[in-house]
Amino acid sequence: GITDTNLIVGILANAKQESAFNSNVVSRVSTESSIGLWQFNVQNPGYFNVPNSQIRQRAAALPESIRIPTDQKVVPYFAGGLLLGSKGIAAITPAAYDGSQDLKPLYDIVSSSTNQIIFVATTVKRMLDTISYTPGEVSAGSWATWFQIYFEQPGAIHDRASVASVVASDLQELGVTV
């Protein structure tokens, strides 16, 4: 349901960098509980809210037309927990985990590439509904940064323009028009 090719390439650039397109990958950072293509954090049930101060500060580097308004509760915090919640399953926080719970059913839901893609598409469309831009006018690199800032929320933002360029080239080699 997302029709802006540059946005799609930007989102895919993040999946390439975060997981090398492996929906089953688990973060190697001991303080994280992140899984999948875009490293969905499952250590909290998650919530949608307005862009926090760190996000607003980082978003200042984006074209104004794609900045999420500060009064819109569309930014996903703890996307893995939100994905689980969208399937009617509660995330088990690290504090609530006592070693007896079977985490495999939760992992199976979050590591499903289909579930991840549907959740990302639904969430991105929800965020896009709050902004007004002209499709095709924003570069794939800017969309990759946008996705990092608003969806992934890493400790540091990384330039993914070159990754977006590689993804676009790879797609063209496969015969996909970008």
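Model, not experiment: these values are computed from the prediction.

Quick notes on the rules
- Residue numbering note: each chain is counted from 1, following its sequence as written.
- At least 70 in pLDDT is required for a residue's local features to be given in this predicted model, at least 80 for side-chain atom pairs to be given and counted, and no such filter applies to totals for whole chains, interfaces and linings, which use all residues.
- With hydrogens and water stripped out, all remaining heavy atoms of the structure feed into the side-chain values.
- The helix and strand labels rest on DSSP assignments: H or I over at least four residues marks a helix, E over at least two residues marks a strand, and numbering proceeds from the N terminus.
- Every helix has an expected span of 1.5 Å times one less than the residues it contains.
- Only protein chains enter the calculation, and the probe is 1.4 Å; a residue is then buried if its accessible area is under 20% of its type maximum, exposed if over 50%, and partly exposed in between.
- Any pair of residues with heavy atoms lying within 4.5 Å of one another is described as a contacting pair.
- Two N or O atoms count as a polar contact when they lie within 3.5 Å, although within protein this holds only if one can serve as hydrogen donor and the other as acceptor, and sequence-adjacent residues are included solely when both atoms are side-chain atoms.

Novice: Explain helix α1 (residues 5-19) here, please?
Specialist: The end-to-end C-alpha distance of α1, which contains 15 residues, comes to 21 Å, matching closely the 21 Å that a straight helix rising 1.5 Å per residue would cover. For α1, the complete set of buried residues consists of Leu7, Val9, Gly10, Ile11, Ala13, Asn14, Ala15 and Ser19. Contact partners of the buried residues in α1: α5 (113-128), α6 (140-152) and α7 (161-173). For α1, the N-terminal cap is Asp4; the gap from its side-chain oxygen to the backbone nitrogen of Asn6 is 2.9 Å. One or two residues past the end of α1 sits Ala20, with phi positive at roughly 55°.

Novice: Would you explain the side chain of Ser19 in this entry?
Specialist: Looking at where Ser19 falls in the secondary structure, it is placed in helix α1. A polar contact of 3.0 Å, which involves the side chain of Ser19, links it to the backbone oxygen of Leu37. Not counting residues up to four positions away in its chain, the partners in contact with Ser19 are Val25, Gly36 and Leu37.

Novice: Is there a simple way to explain the environment of Glu18 in this structure?
Specialist: On the secondary structure map, Glu18 appears in helix α1. For Glu18, a relative accessible area of 26% gives the class partly exposed. In sequence terms Glu18 and Ile35 are 17 residues apart; their C-alpha atoms lie 9.8 Å from each other. Not counting residues within four places of it along the chain, the set of residues in contact with Glu18 comprises Leu37, Trp38, Gln39, Glu152 and Arg160.

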